[in-house]
Amino acid sequence: RLIYGSCISELGDPQTGLEIMNEAFNLWTSTGTIITRTFYLALRAQAYAAAGRAREGLDLVEEAGRIIDQYGERYYEPEVLRLKGELLLAVSEGRGAIAATEAGGIFAQALDVARELGYRSLGLRIASSIVRWAPQRQRGAAIDTLRTALSALQEGYATGDHRLARELLAKADS
């Protein structure tokens, strides 16, 4: 049900998706399990962001970060960090430059972890976030990072992440 709720959110109804996801998450966590919790927290955080509730999403990725630190469940750490950077920027009201600097550091950490774990697809998603949020003075380096991440992939050309990366590069080249 968590994945189903995530799909509903991605298809444009984040509120209904969140209702489904939260109910399923509460049922699932009542069993006491920790494994894959970071993944489910990240999915819910994305849905909260899509519903215009970025602060709640940020709280969830911070919880996911604590679980990663406590239990060492790192398989979704790059995405958790990427989301943290995105959500931090989304809630940064009045702290533009400070938030951008902090988010830039988080994105760099996410990219390092993705590389360490050999997650090229997540590396592409992170590189796209870097390009979208990069200050003008860092735009060239961000574009180079995205080009490198895109060229590292030998498949997945029809995925949303691949399409977004190509769109960002086409926009940068125009």
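Residues numbered from 1 in each chain as written. Predicted model: local features only at pLDDT ≥ 70, side-chain atom pairs only at ≥ 80, totals over all residues. Heavy atoms only, no water.

Trainee: Whenever I open this one, helix 9 (residues 160-173) confuses me. Can you help?
Mentor: Working note: α-helix, 3.6 residues per turn, so residues spaced by three or four point in the same direction. The terminal C-alpha atoms of helix 9, which comprises 14 residues, lie 20 Å apart, in line with the 20 Å expected from a rise of 1.5 Å per residue. In this structure, the buried residues of helix 9 make contact with helix 7 (120-133) and helix 8 (139-151). (Helix = DSSP H or I, 4+ residues; strand = E, 2+ residues; numbered from the N terminus. Expected span 1.5 Å × (residues − 1). Contact = heavy atoms within 4.5 Å.)

Trainee: Explain the side chain of Glu-79 here, please?
Mentor: Take Glu-79: it is sitting in helix 5 (residues 77-90). Using a relative accessible area of 0% as the deciding quantity, one classes Glu-79 as buried. Not counting the four nearest positions on each side in its chain, Glu-79 is found in contact with Gln-46, Leu-122 and Arg-125. (Buried < 20%, exposed > 50% of the residue type's maximum accessible area, 1.4 Å probe, protein only.)

Trainee: Would you take a moment to explain the packing of aromatic side chains for this structure?
Mentor: The geometry of two aromatic rings is summed up by the distance between their centres and the angle between their planes. Tallying each qualifying case throughout the model produces five aromatic pairs. Relative to Tyr-40, the ring of Phe-39 has its centre 5.3 Å away and its plane inclined at 55°; by these criteria the two rings are tilted. Through a chain of ring-to-ring contacts, three or more aromatic side chains come together here, namely Phe-25, Trp-28, Phe-39, Tyr-40, Tyr-75 and Tyr-76. Here the guanidinium or amino end of Arg-44 rests over the ring plane of Phe-25, the centre of that ring lying 4.2 Å away. (Phe/Tyr/Trp six-rings, centres within 6.5 Å; stacked < 30°, edge-to-face > 60°. Lys NZ or Arg CZ within 6 Å of the ring centre and 35° of its normal.)

Read these as layout, nothing more, since geometry by itself doesn't imply function.
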